[in-house]
Amino acid sequence: MPQLGFGVWQIPDDEAFTAVNHALSAGYRSIDTAAIYGNEEGTGKALTASGIPRDELFLTTKLWNSASETWTRDSVLREFDLSLDKLGLDYIDLYLIHWPRAMRDDYLTIWRTFEEIAKSGRAKAIGVSNFLPEHLERLLGETSVVPAVNQIELHPQLQQAESRAFHARHGIATEAWSPLGQGKGLLSDPKIAELAAKHGKTPAQVVLRWHLQLGNVVIPKSATASRIKENIDVFDFELDDEDLSVIAALDEGKRLGPDPATFDV
Ligand code: NAD
């Protein structure tokens, strides 16, 4: 899995084609979408139209929570087929459970169905998103395939030390969503600005570089061609130990998104 990919949340389906095109031209090969983003069709069309060999591309999509339904094997398989159809692909590189919704007590059923899908080769890898260590603990204890990835909210203001340590112990890759803190206060933080000036890079590039050096998989989103390019131009500089400790001190344990312990949609 490429360590740096492109996220397409909040990009409407009719704009996803163009945005993914910009990303592929800029050199991204990994794209992160989800059924709930409503842009699997536009994303898939851009991948196919690019002419880039399928085995050089890495497509992630996610099974959405359902407000009214407790997932069963059949409904998971149906939903997976729907995503595959919309994407126009023969297989998905990584299929994720979008949220644990532990109160519904169905993530083990979902996971066992994911294991079947992986066995069939229609998903090359399977993983989870927004799982807390307690959810992973249960999954590891009661099923046989270790999730390849846990995609969680992670940025300098929410550094997720406990989850990262848990993942490292179990060989699960940590993937950071909202890696730029959704472009809100984080990118105008004066400490980040100082580091950007020091390295002759932008605040977004400094934050992405921090993720890469921490070992996170990272999937920044932008619909703007120049920013899409800027966000992949992070392989020509390195943060030193002092820079890393400046960023370490920005952790506030502050979530921008919902709390996985209670989120149930
Ligand atoms: P992000 O942290 O990637 O921030 C994106 C925003 O930052 C953009 O909309 C733009 O306003 C700004 N931005 C981007 N590049 C910039 C630059 N170079 N300079 C200045 N501003 C810039 O936020 P995100 O979209 O929430 O997260 C990225 C991806 O993570 C999503 O697209 C999606 O694929 C994934 N995601 C997953 C979950 C989940 O529950 N699994 C939840 C949220 C997001």
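These numbers come from a predicted model, not from an experiment.

**Regarding the overall build of the protein**
Then step 1. Secondary structure summary: the protein contains 10 helices and 8 strands in total.
Then step 2. Taken over C-alpha atoms, the radius of gyration comes to 18 Å for the protein, in line with the 18 Å a tight globule of 265 residues would show.
Then step 3. Based on the C-alpha atoms only, the size of the protein along its principal axes is roughly 55 × 40 × 30 Å.
Then step 4. When each of the 265 residues of the protein is scored for burial, the buried share is 42%.
Then step 5. For the protein, the proportion of contacts with a sequence separation of at least 24, taken over those separated by at least 6, is 74%.

**With respect to the nonpolar core**
Then step 1. Ranked by internal contacts, the top residues of the largest apolar core, which has 62 residues, are V8, V20, A23, Y95 and V207.
Then step 2. Beyond its immediate sequence surroundings of up to four residues, A23 is in contact with F6, Y28, I31 and I228.

**A few points about the pairing of strand β7 (residues 173-177)**
Then step 1. Here β7 lies mainly inside the structure; 4 of its 5 residues are buried.
Then step 2. The pairing of strand β6 (residues 149-153) with β7 spans 5 bridges and is classified as parallel. Paired with V149 across the bridge in β7 is A173.
Then step 3. As for the winding sense of the linkage, the β-α-β connection from β6 through helix α6 (residues 161-170) to β7 is right-handed.
Then step 4. Relative to strand β8 (residues 217-218), β7 runs parallel, the two sharing 2 bridges. Looking at β8, one finds that A176 is bridged to V218.

**What to know about the environment of L195**
Then step 1. Along the polypeptide, L195 turns up in helix α7 (residues 190-199).
Then step 2. Each C-alpha atom of the pair L195 and V206 lies 7.0 Å from the other, and the pair is 11 residues apart in sequence.

**Side note on the confidence of the model for the protein**
Interpretation of the predicted coordinates at a detailed level should be avoided for regions scoring low in pLDDT.
Then step 1. Confidence along the protein averages 97 in pLDDT terms, with 99% of residues attaining 70 or more.
Then step 2. As a predicted assembly, this complex carries a pTM of 0.98 together with an ipTM value of 0.99.

**Things to note about α6**
Then step 1. Those residues of α6 that fall on the buried side of the exposure criterion are S163, F166 and H167. For α6, the angular spread of the buried residues around the axis is 100°, confining them to a single face. Every exposed residue of α6 that faces more than 90 degrees away from the buried side is listed here: A161, A165, A168 and R169.

**A few points about the environment of P220**
Then step 1. Relative to the helices and strands, P220 resides in the loop between β8 and α9 (225-230).
Then step 2. The class for P220 is buried, based on 26 C-beta atoms found within 10 Å.
Then step 3. The spacing of P220 and G181 is 39 residues in sequence and 9.5 Å in space, taken between C-alpha atoms.
Then step 4. Apart from residues no more than four positions distant in its own chain, P220 is found in contact with G7, P179, L180, L208 and N231.

**Observations concerning the site of the ligand**
Then step 1. Close to the ligand lie 26 residues; G7, W9, L180, G183 and K221 are nearest.
Then step 2. The residue inventory of the shell around the ligand, partitioned by class, reads 9 nonpolar, 13 polar and 4 charged.

**Examining the pairing of strand β5 (residues 123-129)**
Then step 1. Across the 7 residues that make up β5, a large majority, 5, are buried.
Then step 2. Pairing analysis gives 5 bridges linking strand β4 (residues 92-97) to β5, with the strands arranged parallel. Among the inter-strand pairings, I92 is bridged to a residue of β5, identified as A123.
Then step 3. As paired strands, β5 and β6 are joined by 2 bridges and run parallel to one another. Note on β6: the bridge partner recorded for V128 is N150.
Then step 4. Handedness of the crossover is the feature at issue here: the chain leaves β5, passes through helix α5 (residues 133-142), returns alongside β6, and the resulting connection is right-handed.

Rules behind the numbers
- Residues numbered from 1 in each chain as written.
- Predicted model: local features only at pLDDT ≥ 70, side-chain atom pairs only at ≥ 80, totals over all residues.
- Helix = DSSP H or I, 4+ residues; strand = E, 2+ residues; numbered from the N terminus.
- Rg over C-alpha atoms; globule rule 2.2 N^0.38 Å.
- Buried ≥ 20, exposed ≤ 12 C-beta atoms within 10 Å, placed from the backbone.
- Contact = placed C-beta atoms within 7 Å.
- Core = buried A, V, L, I, M, F, W, Y, C linked by C-beta atoms within 7 Å.
- Pairing = 2+ DSSP bridges.
- Right-handed = clockwise from strand over helix to strand, strands pointing away.
- pLDDT = per-residue confidence, 0-100.
- Arc of directions from axis to C-beta.
- Near = placed C-beta within 6 Å.
- Nonpolar A, V, L, I, M, F, W, Y, C, P; charged D, E, K, R; others polar.

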